[in-house]
Amino acid sequence: MKHGTRDPNMKTTAIFLSTVLLMGACHAFEVAGTVKSVKGSAHIERGNERIPVTVGSHLQAQDKLFSGPGSSVGVTLRDSTLLTAGPNSTIELSHYAFDRNTQVGHMDTLVRRGSLAVVSGQIAKNNPDQVVFRTSTVTVGVRGTEFIIDANAEGLDVK
């Protein structure tokens, strides 16, 4: 190619790469779930932001949910998984993706402290090995549909 001439494929490649990057950025900020109930005080940490939790607040993958003393937060995820964080809980939705058309997705949730009640949704129903709940000491794979994780200072209690 002569110096100063443009390769017509370069423009196509640049447009393609821009589209891929934009799609990836949109996916990163996709709503994973919606807060359906709040009792007491709670907030979400998203990057460097601290967002007060209200009914209708949205959770995204990598958000951290904090509930205060005597508080609880109920969340419905896109695949219909129900999460209820108990008092003094810190829950991190480490990874979450769900395609409503194909019913395929994955979820990785970290319970840093406190308690979390779970009613499994479509991801666990269709691919239970794609759903993981973790604490600082234990990783729990989903094999049932309803359970409670209590990550207290003495260890883990799964009921």
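See the structure printed just above.
Residues numbered from 1 in each chain as written. Predicted model: local features only at pLDDT ≥ 70, side-chain atom pairs only at ≥ 80, totals over all residues. Heavy atoms only, no water.

Here we take up the overall build of the chain. Along the backbone of the chain there are two helices and 13 strands. By the burial criterion, 36% of the 159 residues in the chain qualify as buried. Partitioning the contacts of the chain with sequence separation of at least 6, the portion at a separation of at least 24 is 48%. When the accessible surface of the chain is split by element, carbon and sulfur atoms take 55% of a total near 9600 Å². (Helix = DSSP H or I, 4+ residues; strand = E, 2+ residues; numbered from the N terminus. Buried < 20%, exposed > 50% of the residue type's maximum accessible area, 1.4 Å probe, protein only. Contact = heavy atoms within 4.5 Å. Areas by Shrake-Rupley, 256 points an atom, 1.4 Å probe, with all protein chains shown as cover.)

This part covers unusual backbone geometry. Look at Asn88: it is not a glycine, yet its phi comes out positive at around 50°. Relative to the assigned elements, Asn88 resides in the loop between strand 7 (82–85) and strand 8 (90–99). Although it is not a glycine, Gln103 adopts a positive phi angle of roughly 65°. Locating Gln103 in the fold gives a position in the loop between strand 8 and strand 9 (104–119).

Summarising the element assignment, Asp63 is placed in the loop between strand 4 (58–60) and strand 5 (64–67). Of note is the side chain of Asp63, whose polar atom sits 2.7 Å from the side chain of Arg46. Excluding residues within four positions of it along the chain, Asp63 makes contact with Ile44, Glu45, Arg46, His58, Ile91, Glu92 and Leu93. (Polar contact = N/O pair within 3.5 Å; in protein donor to acceptor, adjacent residues only side chain to side chain.)

Within this structure, the stated rule accounts for one aromatic pair. Note on Phe133 and Phe147: the rings are 5.4 Å apart at their centroids and 80° apart in plane angle, and the pair reads as edge-to-face. Note that Phe133 is positioned in strand 10 (residues 131–134) and Phe147 in strand 12 (residues 146–152), a separation of 14 residues in sequence. (Phe/Tyr/Trp six-rings, centres within 6.5 Å; stacked < 30°, edge-to-face > 60°.)

All right, on to empty space enclosed by the protein then. Enumeration over the complete set of coordinates arrives at one cavity of 30 Å³ or more. Empty space within the largest cavity amounts to approximately 80 Å³. What lines the largest cavity is Leu59, Asp63, Leu65, Val73, Val75, Leu83, Ala85, Ile91, Glu92, Leu93 and Leu116. Contributions of two or more residues to the lining of the largest cavity are made by strand 6 (72–77), strand 7 and strand 8. The element that contributes the greatest number of residues to the lining of the largest cavity is strand 8, accounting for three residues. Split into classes, the residues belonging to the lining of the largest cavity amount to nine nonpolar, no polar and two charged. (1 Å grid on protein atoms, 1.4 Å probe; cavity = no way out; pocket = protein on both sides within 12 Å on 5 of 7 lines; lining within 4 Å. Points joined across faces, edges and corners; volume = space filled by probe spheres on them. Nonpolar A, V, L, I, M, F, W, Y, C, P; charged D, E, K, R; others polar.)

The pairing of strand 1 (residues 31–39) with strand 4 spans three bridges and is classified as antiparallel. Bridging from a neighbouring strand, Val31 pairs with Gln60 of strand 4. Direction of pairing for strand 1 relative to strand 6: antiparallel, over a ladder of six bridges. Residue pairing across strands places Lys39 opposite Ser72, the latter belonging to strand 6. (Pairing = 2+ DSSP bridges.)

Moving on, we come to the nonpolar core. With 29 residues, the main nonpolar core has Leu65, Val75, Tyr96, Met107, Leu116 and Phe133 as its most contacted residues. Dropping the residues within four chain positions of it, Leu116 is found in contact with Leu83, Thr84, Ala85, Ile91, Thr109, Val111, Phe133, Phe147, Ile148 and Ile149. (Core = buried A, V, L, I, M, F, W, Y, C linked by side-chain atoms within 4.5 Å.)

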